[in-house]
Amino acid sequence: MKIDTNAFLDSLPIMGVGLLGIFIVTIVIIIGIYVLKAVTSKSGNSNDADDSVKKEETKTDKTEAEKGVKKESAMDLMKEREKKDFLVEEESNYISHDL
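So, a few notes on the structure that sits alongside this text. Just so you know, these numbers come straight off a predicted model, no measurement behind them.

Calculation criteria
- Residues numbered from 1 in each chain as written.
- Predicted model: local features only at pLDDT ≥ 70, side-chain atom pairs only at ≥ 80, totals over all residues.
- Heavy atoms only, no water.
- Helix = DSSP H or I, 4+ residues; strand = E, 2+ residues; numbered from the N terminus.
- Areas by Shrake-Rupley, 256 points an atom, 1.4 Å probe, with all protein chains shown as cover.
- Patch = residues over 30% accessible without salt bridge, like charges linked within 9 Å, V, L, I, M, F, W, Y side chains within 5 Å.
- Salt bridge = Lys/Arg side-chain N within 4 Å of Asp/Glu carboxyl O.
- Buried < 20%, exposed > 50% of the residue type's maximum accessible area, 1.4 Å probe, protein only.
- Expected span 1.5 Å × (residues − 1).
- Bend = angle between axes of the 7 residues up to and from the residue.

Thoughts on the overall build of the chain
So, point 1. The secondary structure content of the chain amounts to three helices and two strands.
So, point 2. Listed by position from the N terminus, the elements making up the chain come as α-α-α-β-β.
So, point 3. When the accessible surface of the chain is split by element, carbon and sulfur atoms take 63% of a total near 9,600 Å².

Description of a nonpolar patch on the surface
So, point 1. Nonpolar side chains collect at one region of the surface, where Phe8, Leu9, Leu12 and Met15 lie side by side and expose about 390 Å² of accessible area between them.
So, point 2. Relative to the helices and strands, Phe8 resides in helix α1 (residues 5-41).
So, point 3. Classification of Phe8 as partly exposed rests on a relative accessible area of 47%.

Quick word on α1
So, point 1. Along its 37 residues, α1 runs 54 Å from first to last C-alpha, staying within 8% of the 54 Å computed at 1.5 Å per residue.
So, point 2. The largest bend along α1 measures about 30 degrees and falls at Leu12, with the proline Pro13 one to four residues further on.

Worth remembering: the numbers are spatial, not functional.
Next comes the structure, spelled out in structure tokens:
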């Protein structure tokens, strides 16, 4: 097997331009994401609404904590539901509905 070194050296500038293009496009995409993040996070009305929702949530959290109610996370509830849906007890045998 013979490798043509002259052809390889001639193709290096072409590959370099292609790699430079990839880096430029990546940088443009990153800058675009930062610009969009900055533009969308500066909306004034939505922040006021979010603050009022957060205040309301803290009020309900305090009242539940005072009552001694255990607040379960959504992930725990999903896991319990998956267990109930996946396994059904019939005559002391566990049968899967997925089969």
